[in-house]
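# A look at the structure
Each chain, letter by letter, is given below.
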Amino acid sequence: MFKIGQNQTLRNIAIISHVDHGKTTLVDSLFRRSGMFRDNQEVGERLMDNLELERERGITIAAKNCSVMWKGVRINIIDTPGHADFGGEVERAVSMVDGAILLVDASEGPLPQTRFVLKKALDAHLKIIVVINKIDRPDARPEQVLDEIYDLLIDLNATEDQLDFPLLYAVGRDGIAQKTLNEEGQDLHLLLDTILAEIPAPSCDPDAPFQMLVSDLGYSDYVGRLAIGKIFHGTARSRDSLVCIGESDEIMPLTVSQIQVYEGTKLRNMDEVQPGDIVVLAGIEEVKIGDTICNRERPLALPRITVDEPTVSMKFMVNTSPLGGRDGTYVQLSRIHARLVKEARRNVAIQVEKGEEPDSVLVKGRGEFQLAILIETMRREGYEFCVGRPQVLYRYKDSRKLEPIERVLIDCEDRFLGVVTEKLLLRKGKMIQLINNGKGRMRMEFSVPARTLIGYRDEFLTDTRGAGTMHTLFDGYEDFRGECLSRFTGSIVADRTGHAVPYALFNLEPRGRLLIVPGDAVYEGMIIGEHNRGEDIDVNPCKEKKLSNMRAAGKDENVILSPVKPLTLEQAISFIREDELVEITPLAVRMRKIVLSAQKRRTLRPSRSKDRKAA
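The structure presented is a predicted model; accordingly, all values stated were derived computationally and were not measured.

### A look at the sheet that holds strand β6 (residues 127-133)
Read from one edge of the open sheet, seven strands run β3-β4-β2-β5-β6-β7-β8, paired in mixed fashion. Each having just a single partner strand, β3 (64-70) and β8 (176-178) make up the two edges of the open sheet. With direction set aside, neighbouring strand axes in the sheet form an average angle of 30 degrees. By the bridge criterion, three bridges tie β6 to strand β7 (residues 167-171) in an arrangement that is parallel. By the bridge assignment, V130 is partnered in β7 with L167.

### Considering the packing of aromatic side chains
Within this structure, the stated rule accounts for six aromatic pairs. Plain terms: the ring middles of F316 and F385 are 5.3 Å apart, the flat faces sit at 25 degrees to each other, and that makes the pair stacked. One end of the pair, F316, is in strand β20 (residues 312-317); the other, F385, is in strand β23 (residues 385-387), with 69 residues separating them in the sequence. Accessibility assignment for this pair places F316 and F385 in one class, buried. Ring geometry for Y330 and Y383: centres 4.7 Å apart, planes at 40 degrees, overall tilted. Taken together, the residues span a long stretch of sequence, with Y330 in the loop between β20 and α8 (333-346) and Y383 in the loop between α9 (368-380) and β23 at a distance of 53 residues. Note on Y330: relative accessible area 24%, which makes it partly exposed. One Lys or Arg, K230, reaches over the ring of F232 and ends 5.1 Å from the middle of that ring. Looking at R395, its charged tip hangs above the ring of Y477, at a distance of 4.1 Å from the centre.

### Looking at the pairing of strand β28 (residues 441-449)
The buried fraction of β28 amounts to eight of the nine residues, a majority that puts the element mostly inside the structure. Pairing geometry for strand β27 (residues 430-436) and β28, over six bridges, is antiparallel. When the bridges of β28 are listed, M431 appears paired with F446. The loop that links β27 with its antiparallel partner β28 comprises four residues; one of these, G438, has a positive phi angle of about 75 degrees.

### Observations concerning the confidence of the model for the protein chain
On average, residues of the protein chain score 82 in pLDDT, and 89% of them are at 70 or above. Across residues 37-50, where pLDDT falls below 50, the model places 35 contacts with residues more than four positions away in sequence or in other chains. Per-residue pLDDT stays below 50 along residues 607-615; that stretch engages in two contacts with residues further than four places along the chain or on separate chains.

### Observations regarding the sheet that holds strand β13 (residues 241-245)
Strands sit in the order β14-β13-β19-β10-β11-β18-β15-β16 across an open sheet of eight strands; the sheet is antiparallel. If you trace the sheet from one side to the other, it starts and ends with β14 (251-255) and β16 (266-269), each paired once. Ignoring strand direction, the axes of neighbouring strands in this sheet form an average angle of 40 degrees. Pairing geometry for strand β10 (residues 211-220) and strand β19 (residues 292-295), over three bridges, is antiparallel.

### A word on unusual backbone geometry
One non-glycine residue, D398, lies in positive phi territory at about 50 degrees. Along the chain, D398 falls in the loop between β25 (395-397) and β26 (400-413). Taking relative accessible area as the criterion, D398 reaches 64% and is therefore assigned exposed. Its identity as a non-glycine residue notwithstanding, K428 has a phi of 65 degrees, on the positive side. Structurally, K428 can be placed in the loop between α10 (417-426) and β27.

### What to know about the environment of D538
Within the fold, D538 resides in strand β35 (residues 537-539). Considered as a pair, D538 and M526 are 12 residues apart in the sequence and their alpha carbons are 9.7 Å apart. If we ignore the near neighbours within four places in the chain, the residues touching D538 are V493, D495, A598, R601 and R602.

### Some points on the pattern of salt bridges
Enumeration according to the criterion identifies 40 salt bridges in this entry. We note a salt bridge from D136 to R173, for which the minimum N-O separation is 2.7 Å. With a gap of 37 residues between them, D136 in the loop between β6 and α5 (142-155) and R173 in the loop between β7 and β8 connect regions that are remote in the sequence. The class for D136 is partly exposed, based on a relative accessible area of 38%. Residue class for R173 comes out exposed when judged on its relative accessible area of 62%. Through salt bridges with shared partners, one network takes in D536, R577, D579, E580 and K593.

### Details of the nonpolar core
One finds L118, I128, I132 and I149 to be the most contacted residues of the largest nonpolar core, which totals 37 residues. Formed by 28 residues, the second largest nonpolar core is a distinct cluster that contains V361, L371, F385 and L567.

### Overview of the packing of α10 against helix α12 (residues 456-463)
Closest axis-to-axis distance for the α10/α12 pair is 10 Å, and the angle between their directions is 160 degrees. What the angle tells us is that α10 and α12 run roughly antiparallel. Once α10 is placed against α12, the crossing between them reads as right-handed. Touching V419, V420, K423 and L424 of α10 are Y456, E459, F460 and D463, all from α12. Taken together, the residues of the contact of α10 with α12 break down into five nonpolar, no polar and three charged.

The rules behind these values
Residues numbered from 1 in each chain as written. Predicted model: local features only at pLDDT ≥ 70, side-chain atom pairs only at ≥ 80, totals over all residues. Heavy atoms only, no water. Pairing = 2+ DSSP bridges. Helix = DSSP H or I, 4+ residues; strand = E, 2+ residues; numbered from the N terminus. Axes fitted to C-alpha atoms, helices over the stretch in contact; angles between N-to-C directions. Phe/Tyr/Trp six-rings, centres within 6.5 Å; stacked < 30°, edge-to-face > 60°. Buried < 20%, exposed > 50% of the residue type's maximum accessible area, 1.4 Å probe, protein only. Lys NZ or Arg CZ within 6 Å of the ring centre and 35° of its normal. pLDDT = per-residue confidence, 0-100. Contact = heavy atoms within 4.5 Å. Salt bridge = Lys/Arg side-chain N within 4 Å of Asp/Glu carboxyl O. Core = buried A, V, L, I, M, F, W, Y, C linked by side-chain atoms within 4.5 Å. Parallel < 35°, antiparallel > 145°, perpendicular 65-115°, else oblique. Left-handed = near helix turned anticlockwise from the far one by under 90°. Nonpolar A, V, L, I, M, F, W, Y, C, P; charged D, E, K, R; others polar.

Here is the structure:
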């Protein structure tokens with residue numbers, strides 16, 4: 001039986017919230033107020049969003065560690081993603097901390113992603129500190145938001161201790177925290193003091209052998225693979241001989257070459273580390289997230305990190321289009337597969353399997369957004385490949401077909417209530433709640449199958465004139481709700497290889513929305529637009545106007561084309577049908593048919609329609 005002690009020189013805490021409620025900005029302010037920077041030192045914004053995609057999109061994608069010193073105590077802070085598609089990052093963070101700061105926007109209140117991250121914290125029995133942020137907003141409503149937080153906690157079956165949480169109000173951008181709305185805060189000292197007083201110090205058995213749970217992986221050009229995690233018991237020193245216990249309880253000997261801890265956003269070398277600390281061990285090559293690194297004489301595995309099952313899959317394939325291989329550095333299936341396996345080792349929420357076809361790989365994840373971020377990352381690294389349409393993963397229980405369901409929260413002007421409700425009902429959605437705040441805006445909550453939401457977000461923004469917000473959260477599995485069209489329009493497909501000509505595109509504009517501009521390279525089977533009708537149409541975008549000797553080219557009237565807004569990667573993934581692919585290269589995103597030849601597609605079309613009727 002363990003003799004429990006506590007390391008009072010440490011606190012481990014995660015910051016959890018919905019997307020864009022101010023997590024990263026609050027961490028920036030904590031750095032400044034804790035004295036980590038000089039008063040005259042120039043410091044950029046959103047220090048923890050150090051990935052290029054994070055800065056571009058303004059969201060946190062990967063959980064990251066840092067620390068601040070306050071009154072002789074090191075506070076290890078983990079900035080977690082607020083999007084449910086990156087839930088694996090949240091689960092990894094929860095395994096390393098003893099408490100959490102729940103950050104809620106004073107205007108928006110708890111949103112679906114707030115429910116997701118808070119449920120993970122409550123399930124791990126973490127001590128919660130609630131901070132209502134952005135109280136300086138003109139539309140702030142902190143009293144109502146506090147009531148909504150209590151309702152959410154009760155709905156998540158929080159215990160009485162969890163309901164008795166410390167409450168602070170803050171303006172994270174200005175570095176201000178206060179106990180009540182009436183007083184005027186000066187700095188974040190109150191928040192740092194509350195962390196020391198309310199968050200328990202890490203528990204440990206001082207006499208137990210060394211045990212560390214690997215919660216994250218990294219890589220250094222100088223020392224190789226890095227294992228990141230929390231020490232549960234015992235101490236470790238550099239050059240110690242330890243063992244790693246894998247998923248199948250196999251034991252691998254290893255020697256630690258370097259030990260580091262977080263100091264601000266950087267790492268500092270240590271000769272010895274104590275129980276409860278979050279450390280980085282170097283010199284460990286064959287290690288996976290969830291493994292236990294422990295003493296060689298008394299090897300004992302810790303419970304592995306468990307994550308929710310994937311709900312969406314996508315097929316990755318070699319790019320076989322006529323334009324393939326021109327832009328990418330890595331085009332072989334072996335290189336693509338190796339990169340995906342590397343991602344699966346670092347991200348516990350992603351699974352990689354062999355596809356049914358010999359030249360394909362099946363990748364499973366939490367949502368299409370998570371997979372889109374992975375695709376964009378690989379594209380920027382020089383990879384070139386094709387991906388298919390996202391497919392939801394069904395389950396079967398007692399001969400019943402179950403499908404993943406999303407809880408959808410929509411906030412829009414009341415004049416868009418009708419069109420939003422109509423579109424979601426067509427997609428097999430069910431309205432759960434409707435709230436009118438009396439200020440011209442409506443808040444609606446729906447239960448919608450995940451498969452029918454693929455591609456709806458852009459349509460929603462168009463319907464609400466860009467003024468609506470939509471948030472989704474995985475809400476479990478329910479009975480299959482019936483078939484639903486994924487897209488009500490067809491594709492405009494090029495029937496030959498060449499370059500797009502203004503004259504041809506001008507005459508194709510009445511057929512639908514074009515996605516290419518004059519001069520773009522096209523090939524047979526490439527999708528160049530969206531057809532107005534439900535069926536596909538093959539066209540010639542390279543057709544030039546025939547000129548006789550009676551007319552010179554300069555005498556023709558000028559052709560003025562409508563502006564074309566290229567599809568983004570996420571829009572392209574949502575746009576394609578089951579018989580279409582997205583071609584990903586470092587320089588371009590194109591869409592194409594799986595079968596490029598128009599003649600072969602016409603031959604296959606009758607058999608496909610017969611198969612659908614038989615089904």
